[in-house]
Amino acid sequence: MSGELADLIRDAASLHQFIGSIYKRRDEPERTHREATVQFLRYVRELGENSQTFLQTYIQRAVDAPGDISLARYERQGLTTIRDFWGSLHELVRPAEDAHTLSIPVAFIEFLKRTLSQVQGLEGCDLAISHTTALNYFFNPRADLKYYAEKYQAVVGGSPAFPRKLALIEMPYSQGTNLFMNLVICHELGHFAFEELGIEASLSREIDDVLKTLSGYDEMSEPDLSWCRERLKYWSEEIYCDRFAVGLIGPAYSFAYVELFDMIGTSDTGDVVEFYDTHPADACRFKEHEDQLRSCGWWDLLGQNPRTSYVDLISKLAGVPEAEYTYDSEEKTSLADPVLKAFLALKPKIASLVRDTLRDKMRRFRGDADRKEIGLVRRYLGYGVVPSTLVSNKEETVPDPVALINGAYLFYLESLSELMKKIAGQSEISLSHRSKWAERVEMWTLKALEDLSLLSRRKETPNGSPVESSNL
Amino acid sequence: MATFNDSRSQYLSLALFSRQIIDALLDLVRSGSREKLGKALPDAIESLEAATDSRNAALSPVASRIVTSYDQVRTIDELFPLDDRRQMIKTLKALETANPNTEEQRNGALQAIDFFYKIENRALRNSRHPAPKPSRVARGLCPVN
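Here's what I pulled together on the structure shown here. (Residues numbered from 1 in each chain as written. Chains lettered and ligands numbered in written order. Predicted model: local features only at pLDDT ≥ 70, side-chain atom pairs only at ≥ 80, totals over all residues. Heavy atoms only, no water.)

On to the overall build of chain A. Helix and strand counts for chain A come out as 19 helices and 5 strands. Reported as C-alpha extents along the three principal axes, the dimensions of chain A are approximately 85 × 60 × 45 Å. Out of the 472 residues in chain A, the part that is buried amounts to 58%. Partitioning the contacts of chain A with sequence separation of at least 6, the portion at a separation of at least 24 is 79%. Counting only carbon and sulfur atoms, one obtains 50% of the accessible surface of chain A, whose full area is about 19,600 Å². When the 55 basic and 72 acidic side-chain charges of chain A are each reduced to a single mean position, those positions are 6 Å apart. (Helix = DSSP H or I, 4+ residues; strand = E, 2+ residues; numbered from the N terminus. Buried < 20%, exposed > 50% of the residue type's maximum accessible area, 1.4 Å probe, protein only. Contact = heavy atoms within 4.5 Å. Areas by Shrake-Rupley, 256 points an atom, 1.4 Å probe, with all protein chains shown as cover. Lys, Arg positive; Asp, Glu negative; His and termini not counted. Charge placed at Lys NZ, Arg CZ, Asp CG, Glu CD.)

Given below as structure tokens:
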């Protein structure tokens, strides 16, 4: 055996072992996962097994027919690309395994799955949740894993296709049993819709149209052009996702954003008008939040809740004139201003993309119906009662899930002390007491969501009689 | 926050894209098989056209993906001047149909293999050692990988 061949066999064996170390499941029978996670982990395992078979065939071919030695280096580099691909999967597998059903808010995830599945083109979708050590939420990947998977299939023949309509979402490991902060996942679902529904293709035409209006467009180099396109695409997608999230669950998303990034603490700094390479300025984002909330009618409700400073903050940031937005790029200094101007010209088109995506599934404020349900949810929580079934004027109803979530969030923001006053030994200024009851409110709301899910499932049962709400 | 991972992802995409066409061309050189080439070649031509003259390229989803990725376009641009890219587009187009002059076809395929090998190589290198980015960190929900 030649030295080159022996080296090749050693390298392929190392890669074979590396792939196995990623896809082989640890023996942890006590953990159970949602079906979407099981599906994702199964995909990785099948991909790994197929890759290992491919490697063996690859080596066999090299042994049987050594061929043109001058081509060997071209072929060898392919192993490095396969290794890098598995290096990217390496980051996804363990966090997905860690996100078992006891460490994620299952009732909320199921609610999101049902809601998202009603959007045209996203029927049958599901969310595979994984954990991250970052205090943030991620849509993983940005279209890339599917793209990789397609390319990988072409390179490693026989590879399984990436599961259809599967959104891979990362959430902070510490937030497994909470609700409110996790509402930010709705933004990540926007990325999923953006990718799955091919919004990028229609947006890229708009991006090019707006770029053509820039002076010097004809003389721009290809890297400069792609840099401008990338900024416009990133910023537009972020705005799309924010509007999508508000369109899905109303103001609760904006509240969660404020809380996650402690916007109250940072809103007086100059940073709020600053654009970043991949994200628009907070002032710009909240301008879009407010516009989306107004166009869906939610602002009528927020105007009646003056006790939370969150609403004031949204208004304040939304009121910052666009002329004050800034973007400094160390990479392309001279293009920073023009690309920001181009974005502001492009931005109004994003609202219509979200309208076209959600259509009649856009959750608009339902006026008195929402006011009544939100009021009742708050009242129930004020007495420490899970608001699954609401009784008003001797009539039983079940709340709409979005009304439930918004009612609970408003209660948490404005009225937690009302609950604490009713409980002996609880001090409003004790942070540990307050923290405990805030957790309870989230827990009760998740329980109510779970109850609503059971009800909707039983209603969907074929040949079964509809369940009366009083049975819950 | 997402910048590093995003760049890595773009480079890995570029490496896989290059590997697909390299493998297809290797099959052509070794055995004359055009089976993999049928799918890989149009994508390669379209993507290279988009990275070379995007103003006049028809931006299909494949091409759009290339032209909105600064790291990918910059990598190709750093490796090959415009004229070399245009010449390679011609070479790839010539490979779309079987050439009775097998020696000429083989030479064209070898040139193309070497071209994409260099792109794959640079993409892999950049993926492991991304160029330093501006230090400002994005606040943000979202994309990794």
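Take the overall build of chain B next. The secondary structure content of chain B amounts to 6 helices and 0 strands. The buried share among the 145 residues of chain B stands at 57%. Sequence-distant contacts, at least 24 apart, represent 68% of the contacts inside chain B between residues at least 6 apart.

This brings us to the sheet that holds strand E2 (residues 138-139) of chain A. Residue and element names in this part refer to chain A. Strand order in the open sheet formed by 3 strands is E1-E3-E2, and the pairing between neighbours is mixed. Strands at the two margins of the open sheet, each flanked by one partner only, are strand E1 (126-132) and E2. Note that E1 and strand E3 (residues 166-172) share 7 bridges and pair parallel. Each bridged residue has a counterpart across the sheet, and for Thr132 the counterpart in E3 is Pro172. (Pairing = 2+ DSSP bridges.)

Turning next to the packing of helix H1 (residues 3-23) of chain A against helix H2 (residues 35-64) of chain A. Between two packed helices, the angle of one axis relative to the other and the distance separating the axes together describe the packing. All names here are of chain A. Contact geometry of H1 with H2 gives a least axis separation of 9 Å together with a crossing angle of 170°. Judged by the angle between their axes, H1 and H2 are roughly antiparallel. Side by side, H1 and H2 meet where Leu5, Leu8, Ile9, Ala12, Leu15, His16, Ile19, Gly20 and Tyr23 of the first sit next to Val44, Arg45, Gly48, Glu49, Ser51, Gln52, Leu55, Tyr58, Ile59, Ala62 and Val63 of the second. Taken together, the residues of the contact of H1 with H2 sort by class into 13 nonpolar, 5 polar and 2 charged. (Axes fitted to C-alpha atoms, helices over the stretch in contact; angles between N-to-C directions. Parallel < 35°, antiparallel > 145°, perpendicular 65-115°, else oblique. Nonpolar A, V, L, I, M, F, W, Y, C, P; charged D, E, K, R; others polar.)

Another point: the pairing of E3(A). Residues and elements named next belong to chain A. When you tally the buried positions in E3, you get 7 out of 7 residues, the bulk of the element. In this structure, E2 lies alongside E3, joined through 2 bridges in antiparallel fashion. By the bridge assignment for E3, Phe139 is matched with Ile169.

Residues Phe108(A), Leu183(A) and Tyr240(A) are the most contacted members of the largest nonpolar core, which totals 121 residues. Sort the elements by how many residues they give to this core and helix H8 (residues 222-249) of chain A lands first, with 13 residues. When near neighbours in sequence (up to four residues on either side) are disregarded, Tyr240(A) contacts Gly190(A), Ala193(A), Phe194(A), Ile199(A), Ile350(A), Leu353(A), Val354(A) and Thr357(A). Tyr147(A), Leu28(B), Ala109(B) and Ile119(B) belong to the second largest nonpolar core, which has 38 residues in total. (Core = buried A, V, L, I, M, F, W, Y, C linked by side-chain atoms within 4.5 Å.)

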